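The chain contents come next:
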Amino acid sequence: MSEPVKTDKPTRVPRKNLSRDAWVAAARKVLEKRGIAEVKIDGLARKLKVTRGSFYFHFKSLKDLHEELLNEWRRANCAPFHALSDANYDDGLQLFTDIVHVWVDEAPFSPALDLATRDWSRTSKALAGEVEENDNLRMDLLTQAFQKMGYDQDESIVRARITYFHQIGQYALSFKEPRDIREQYQPLFGSVLLGPLVRDPNLKKR
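Residues numbered from 1 in each chain as written. Predicted model: local features only at pLDDT ≥ 70, side-chain atom pairs only at ≥ 80, totals over all residues. Heavy atoms only, no water.

Caption draft 1: Highlighting helix α1 (residues 20-34). Taking 1.5 Å per residue, 15 residues should reach 21 Å; α1 reaches 21 Å between its end C-alpha atoms and fits that length. Among the residues making up α1, those that are buried are W23, V24, A26, A27, R28, V30 and L31. In this structure, the buried residues of α1 make contact with α2 (41-48), α3 (52-58), α4 (62-86) and α6 (111-120). Backbone geometry just downstream of α1 places G35 in the positive-phi region, at approximately 100 degrees. (Helix = DSSP H or I, 4+ residues; strand = E, 2+ residues; numbered from the N terminus. Expected span 1.5 Å × (residues − 1). Buried < 20%, exposed > 50% of the residue type's maximum accessible area, 1.4 Å probe, protein only. Contact = heavy atoms within 4.5 Å.)

In structure tokens:
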């Protein structure tokens, strides 16, 4: 009598519980691509293939998740500039270079997160104030850099604004290019932004 044929049944691997970080990462992707209005519990649960209960295991409310997204922005996009502010530079060119590298290196700075948070701030007075504070810090750092390079106060402010508005405009346009091309142009951008002005004798000074 032949023995019955044994069939190997696949072993079920229990699904791991999603961590808080996994929820935040998923929410951040939605925020960056579609805006804060689309960061919804049900949508995230469907995306992650879990129930709403998994969300409430980690968060008290959607507002709690929103705050963690803002903490992501603060850590990645604000903290590097606060660190530069605390460093007390004497060399203006080095300060300018380090500011630019925060943007260019994108480690941990995230242009997509910065732009999404700026859009989000249009719906929140408190966040708008925080974004404005960080804009002012970044422009103040640039102004300090130009002043330390020997430019007067007015020219330093204008150069700082041109530098910063250029950077924000690039993000707003979602302008992208290969990293090697960006690095190729970086020294020329620096020469343009740092170079002497063509003086108009008819230019009125305040």
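And the narrative resumes.
Caption draft 2: Geometry of the pattern of salt bridges. Applying the stated criterion across every chain yields a total of 14 salt bridges. Close ionic contact of D42 with R52 constitutes a salt bridge, the shortest N to O distance being 2.7 Å. Here the residue D42 occupies a position in helix α2, and R52 occupies one in helix α3, the gap between them amounting to 10 residues. Here D119 ties to R122 by a salt bridge, and the two come within 2.4 Å at their closest N and O atoms. (Salt bridge = Lys/Arg side-chain N within 4 Å of Asp/Glu carboxyl O.)

Caption draft 3: Inspection of the layout of surface pockets at higher detail. Approximately 510 Å³ is the volume attributed to the largest pocket. Taken together, 19 residues make up the lining of the largest pocket; nearest its centre are P111, A112, Y171, S174 and K176. Elements with a minimum of two residues in the lining of the largest pocket: α1, α6, α8 (153-172) and α9 (179-194). Of the residues forming the lining of the largest pocket, the biggest block, 5 residues, is contributed by α6. Along the lines of polarity and charge, the residues of the lining of the largest pocket split into 7 nonpolar, 3 polar and 9 charged. (1 Å grid on protein atoms, 1.4 Å probe; cavity = no way out; pocket = protein on both sides within 12 Å on 5 of 7 lines; lining within 4 Å. Points joined across faces, edges and corners; volume = space filled by probe spheres on them. Nonpolar A, V, L, I, M, F, W, Y, C, P; charged D, E, K, R; others polar.)

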